[in-house]
Amino acid sequence: MPIVQISDPQQPAPTSCGVIVFRLDLQTGDVDGTFALALYEGELARETGVKISGPPGDFAGEYSVTTLRPDGTTFARGRMIAQRLGTQGVYLVRWDLEPVPEALQELGYVPGTRLIYEAIGMKLNGTEIAVAWDNNVFARRWPQGSAPQ
């Protein structure tokens, strides 16, 4: 069965959907994630996050993140915020990423374009959290004066 790319009706999204499993360091609060995107055709990639606010033993908080491609090269840097939803280990997660210049060029975006994703996650055990998102539902923040007309 062929892979079907889901795209935004206004402009194609860079990928269709994804899932990441973060491993939380209970002492520092930092995270190391392994993720899959349809775009990567079965290859796994990584995202690392350094906790900059929030309790270290909890996934909730703000992180400085670096997103890596399957070959280990950097795709983007930015922020991730995880917020508790309820009391059963569910989190709302939001990324605000700025792709590196090479990634912007590959995607056909102007320099300074940011990608903003919202997702939902759940704790799998004491140190692992799975987060899933749909790249068909994301926002681009264009640099001032550069949005397409």
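Everything numeric in this text was worked out from a predicted model, so none of it was measured.

Peer 1: Quick one: what's the story with the pairing of strand β4 (residues 61–68), residue by residue and with numbers?
Peer 2: Across the eight residues of β4, six count as buried, placing the element largely inside the fold. In this structure, strand β3 (residues 44–53) lies alongside β4, joined through seven bridges in antiparallel fashion. The residue of β4 that forms the bridge with arginine 46 is leucine 68. Pairing analysis gives eight bridges linking β4 to strand β5 (residues 74–85), with the strands arranged antiparallel. Bridging from a neighbouring strand, glycine 61 pairs with alanine 82 of β5. Connecting β4 to the next strand, β5, in antiparallel fashion are five residues, including glycine 72 with a positive phi near 90 degrees.

Peer 1: Break down the pattern of salt bridges for me, citing the residues and quoting the values.
Peer 2: One pass over the structure, following the stated rule, counts six salt bridges. Here arginine 46 ties to aspartate 32 by a salt bridge, and the two come within 2.9 Å at their closest N and O atoms. Here aspartate 32 lies in strand β2 (residues 31–37) and arginine 46 lies in strand β3, a separation of 14 residues in the sequence. Under the relative-accessibility criterion, arginine 46 is labelled partly exposed at 37%. For aspartate 32, a relative accessible area of 26% translates into the label partly exposed.

Definitions and cut-offs
Note on numbering: residues in each chain are counted from 1, in written sequence order. Side-chain atom pairs in this predicted model are given and counted only at pLDDT of 80 or more, local residue features only at pLDDT of at least 70, and totals for whole chains, interfaces and linings cover all residues. Note that the side-chain values use all heavy atoms of the structure and ignore hydrogens as well as water. Only protein chains enter the accessibility calculation, which uses a 1.4 Å probe; a residue is then buried when its area is under 20% of its type maximum, exposed when over 50%, and partly exposed in between. Only DSSP runs of H or I with at least four residues qualify as helices, and only runs of E with at least two residues qualify as strands; both kinds are numbered from the N terminus onward. Any two strands between which DSSP finds at least two bridges are classified as paired. Salt bridges, as used here, are contacts in which a Lys or Arg side-chain nitrogen is within 4 Å of a carboxyl oxygen on Asp or Glu.

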